[in-house]
Amino acid sequence: MNEPTSTGVDARLSSVLCYAGWWVTGIVFLFAERRHSGVRFHAAQSIVVFGALSVALFLCGGASAIAFFMAVPTFQLVQTIGNVLWLAAVVLWLFLLLKTWQGETWQVPVASGLARRIAAR
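What counts and what doesn't
Residues numbered from 1 in each chain as written. Predicted model: local features only at pLDDT ≥ 70, side-chain atom pairs only at ≥ 80, totals over all residues. Heavy atoms only, no water. Helix = DSSP H or I, 4+ residues; strand = E, 2+ residues; numbered from the N terminus. Buried < 20%, exposed > 50% of the residue type's maximum accessible area, 1.4 Å probe, protein only. Contact = heavy atoms within 4.5 Å. Phe/Tyr/Trp six-rings, centres within 6.5 Å; stacked < 30°, edge-to-face > 60°.

Peer 1: Would you mind going over the overall build of the protein chain with me for this structure?
Peer 2: What the protein chain contains, in helices and strands, is five helices and zero strands. When the elements of the protein chain are put in sequence order from the N terminus, they spell out α-α-α-α-α. Seen through its C-alpha atoms, the protein chain measures out along the principal axes to roughly 55 × 25 × 20 Å. A buried classification covers 36% of the 121 residues belonging to the protein chain.

Peer 1: Got a minute to help me understand the environment of serine 112 in this structure?
Peer 2: When you line up the elements, serine 112 lands in helix 5 (residues 111-120). In this structure, the C-alpha to C-alpha distance between serine 112 and serine 46, residues 66 residues apart in sequence, is 9.6 Å. The contact partners of serine 112, leaving out residues within four places of it in the chain, are Phe41, Gln45 and Gln107.

Peer 1: Got a minute to help me understand the packing of aromatic side chains in this structure?
Peer 2: Centre distance and the angle of the planes are the two values used to describe a pair of aromatic rings. Inspection of every chain in the model, using the stated rule, returns six aromatic pairs. An angle of 80 degrees between the planes, with centres 5.3 Å apart, marks the rings of phenylalanine 68 and phenylalanine 69 as edge-to-face. When its relative accessible area of 53% is taken as the criterion, phenylalanine 68 is described as exposed. When its relative accessible area of 70% is taken as the criterion, phenylalanine 69 is described as exposed. Taken together, the ring pairs connect Tyr19, Trp22, Phe50 and Trp86 into an aromatic cluster.

This is how it looks when you write it as structure tokens:
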């Protein structure tokens, strides 16, 4: 992580900031950072992981709204799934922030392969 960044921001701080705002800051750093492969990987992984989680949470919210008018047990089930997903997303987010701040590159299973391909572009 010692190679210079094109943004002028410290590489470790840039990597942490990639996760700070979920996929939004990932997009910012993916387009802003041109040289540092580590920062680009963290930005791409943030987009893949938290983009997918955002879509899943949005779909749970929509399914919950529909289920509210159909059946109470279905509504409660969808709400529980959404709450568990949200909790898992926050725990993963905090874990990635901590590992990245410590200078480690933790690869999220499944997502890291796609993130590597995106970062290489």
